[in-house]
Amino acid sequence: MADPMSSAPQIPSAILPTYARADVAFARGDGCWLEATDGSRYLDFGAGIAVCCLGHGHPHLVEALIDQGRKLWHVSNLFRIPEAELLAKRLTDASFADYVFFTNSGAEALEGAIKTARKYHAVGGHPEKFRLITFEGAFHGRTLATIAAGGNPKYIDGFGPKVEGFDPVPFGDLVAVKAAITPETAGVLVEPIQGEGGIRVPPSSFMRGLRALCDEHGLMLVVDEVQSGMGRTGKLFAHELVGVTPDILATAKGIGGGFPLGAFMATRESGRGMIVGTHGSTYGGNPLATACGNAVLDVVLAPGFLDDVARKGLALKQRLAALQDAHPQIIAEIRGEGMMLGIRTHVPNTEFAVAARAQHMLVIPAGDNVVRLLPPLIAGEEEFAEAIARLDRACRHLEADLAGKRNGSSS
Ligand SMILES: *Cc1c(COP(=O)(O)O)cnc(C)c1O
């Protein structure tokens, strides 16, 4: 039978046009590679924006999905769900948290994390403490509360009154955080490494300073590890890199390996307000999603896997530093931790991403004129060598364009 997608979408799309999409569609994937509907192959260093943490078609994930799919897809949270209880137990055993609530997305996880921080103070007799200190350049999702928390006017404008209770200060600025604390402050909401903001890694003293300020003022430290979590940085969660323990955490993206799943997690103390009836989600943590989550953890928590991510990430970063040395006109800086890496470019980052795509390699633009490299965590030497070769060719083309422009403007 002819593949109905083989001649790509020629009809006008009926999808609400909120994305500026590249005119490429993919039909299948295998490991770090995607095959487009025209049969051409792309090296995928975006992984669906850090979602496909074990690449495409990972046999263990495929088996878990099919196996659970044959048994049971969904039951309501009005009943016990053994797959979810197992996943929650494994996540709490491997982290600071005592409780997990499963969601369907990162933004939904953030909503729950924000509610948990507010409720903690409300049940402690301080309902006036509902504000969270947030950071410029942050991204927390596209729901009404999370656009307010992210603070980007492009995402806020035109959607009615901004949700109250978020006080942005410059990222990395402890003095500003301290000055922003008021009697209404419930906590601090922070990405340990800003993802959409451009792989911005604060000094380790920043996260430690936030922990100290939260302890001093009785505030909740809420970390958004939707992008940096689930092994991306070589630790299960990025806050472990700097030895700081949060009170509440939101995660998603990699947690389902491509199946929509998210979670917020809390210590017993910080989750004290979230009792029967305070929160819910129809799909959240259903058997199919949490079976996929368990399969991801089988791989990510296997002995040596995370150390390997850290080691491979460092190797990739060193290769990228060499690429920068070879192309100083194009590449300004290499940044990031583990396999959450960024290339800050001198040319517009979107042009760099287009040039990489012309070499059949996928990277993802972010803030600060950065392109992100978020390869599947299973990528290794072979894929890195291929990636560097493709990025090297992309840089050569961009250099040729620059030279052409210079010649053009001097004549
Ligand atoms: C992607 C992302 C979100 C939002 O996740 P969605 O699944 O798109 O709702 C929130 N926070 C961070 C740090 C993210 O990277």
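Residues numbered from 1 in each chain as written. Predicted model: local features only at pLDDT ≥ 70, side-chain atom pairs only at ≥ 80, totals over all residues. Heavy atoms only, no water.

1. Examining the state of the cysteines
Step number 1: In the structure shown here, the tally under the stated rule is zero disulfides.
Step number 2: No disulfide involves Cys-52; its sulfur sits 7.9 Å from the nearest other cysteine sulfur, which is in Cys-53. (Disulfide = S-S within 2.5 Å.)

2. Focus: the site of the ligand
Step number 1: Around the ligand, the structure places Ser-105, Gly-106, Ala-107, Phe-139, His-140, Gly-141, Glu-191, Asp-224, Val-226, Gln-227 and Lys-253.
Step number 2: Here an oxygen atom of the ligand sits 2.7 Å away from a polar atom, N or O, in the side chain of Gln-227.
Step number 3: Within the side chain of Lys-253, an N or O atom sits 2.6 Å from an oxygen atom of the ligand.
Step number 4: Here the ligand has 380 Å² of accessible area as a free molecule, and 81% of this is covered by the chains.
Step number 5: For the shell around the ligand, the class distribution of residues is three nonpolar, five polar and three charged. (Near = heavy atom within 4 Å. Polar contact = N/O pair within 3.5 Å; in protein donor to acceptor, adjacent residues only side chain to side chain. Areas by Shrake-Rupley, 256 points an atom, 1.4 Å probe, with all protein chains shown as cover. Nonpolar A, V, L, I, M, F, W, Y, C, P; charged D, E, K, R; others polar.)

3. Looking at the domain arrangement of the protein
Step number 1: Domain annotation for the protein reports domain 1 (26-57 + 304-410) and domain 2 (72-300).
Step number 2: Look at where the C-alpha atoms of domain 1 and domain 2 centre, and you get two points 28 Å apart.
Step number 3: Listed as interface residues are 27 residues of domain 1 and, on the opposing side, 25 residues of domain 2.
Step number 4: Here domain 1 packs against domain 2, burying approximately 2100 Å² in sum over the two surfaces, 66% of which is carbon and sulfur.
Step number 5: Here domain 1 and domain 2 share one salt bridge between them.
Step number 6: Note that Arg-372 is salt-bridged to Glu-196, the shortest N-O span being 2.8 Å.
Step number 7: At the boundary of domain 1 with domain 2, the tally comes to seven residue pairs in polar contact (both at pLDDT 80 or more).
Step number 8: Sorting the residues of the side of domain 1 that touches domain 2 by element identifies α1 (47-50), α10 (305-326), β11 (331-337), β12 (340-345) and β15 (370-373) as the ones contributing at least two each.
Step number 9: In terms of residues, the side of domain 1 that touches domain 2 owes the most to one element, α10, which gives four residues. (Domains from an automatic or database assignment. Contact = heavy atoms within 4.5 Å. Buried area = accessible area lost by both parts, 1.4 Å probe. Salt bridge = Lys/Arg side-chain N within 4 Å of Asp/Glu carboxyl O. Helix = DSSP H or I, 4+ residues; strand = E, 2+ residues; numbered from the N terminus.)

4. Considerations on the pairing of strand β2 (residues 33-36)
Side chains on a regular strand alternate between the two faces of the sheet.
Step number 1: Alignment of strand β1 (residues 26-30) against β2, held across four bridges, turns out to be antiparallel. Bridge pairing in β2 links Arg-28 to Glu-35.
Step number 2: Relative to strand β3 (residues 41-44), β2 is paired through three bridges, and the arrangement is antiparallel. Residue pairing for β3: Leu-34 is matched across the bridge by Tyr-42.
Step number 3: Counting the residues that bridge the hairpin from β2 to β3 gives four residues, and of these Gly-39 lies at a positive phi of roughly 90°. (Pairing = 2+ DSSP bridges.)

5. A few points about empty space enclosed by the protein
It is the rolling of a water-molecule-sized probe over the atoms that shows where space remains empty.
Step number 1: Applying the stated rule across the entire model yields one cavity of 30 Å³ or more.
Step number 2: Counted as a void, the largest cavity has a volume near 40 Å³.
Step number 3: Lining the largest cavity we find Leu-144, Ile-147, Ala-148, Ile-156, Phe-159, Gly-160, Pro-161, Lys-162 and Val-163.
Step number 4: It is helix α5 (residues 144-150) that provides the largest number of residues to the lining of the largest cavity, a total of three residues.
Step number 5: Among the residues forming the lining of the largest cavity, the class breakdown is seven nonpolar, one polar and one charged. (1 Å grid on protein atoms, 1.4 Å probe; cavity = no way out; pocket = protein on both sides within 12 Å on 5 of 7 lines; lining within 4 Å. Points joined across faces, edges and corners; volume = space filled by probe spheres on them.)

6. Regarding the pattern of salt bridges
Step number 1: All told, the structure shown has 18 salt bridges when counted by the stated rule.
Step number 2: Close ionic contact of Asp-93 with Lys-89 constitutes a salt bridge, the shortest N to O distance being 2.6 Å. Here Asp-93 pairs with Lys-89, and both are found in helix α3 (residues 82-93), just four residues apart, close to one helical turn.
Step number 3: For Asp-93, a relative accessible area of 56% gives the class exposed.
Step number 4: For Asp-167, the salt bridge is made with Arg-131, and the minimal N-O distance between the two is 2.8 Å. Linking Asp-167 in strand β6 (residues 166-169) with Arg-131 in strand β5 (residues 131-135), this pair joins segments that are 36 residues apart in sequence.
Step number 5: The exposure class of Asp-167 is buried, given its relative accessible area of 19%.
Step number 6: According to the relative accessible area criterion, Arg-131 is buried, its value standing at 13%.
Step number 7: Each of Glu-333, Arg-335, Arg-344 and Asp-368 takes part in a single network of salt bridges with overlapping partners. (Buried < 20%, exposed > 50% of the residue type's maximum accessible area, 1.4 Å probe, protein only.)

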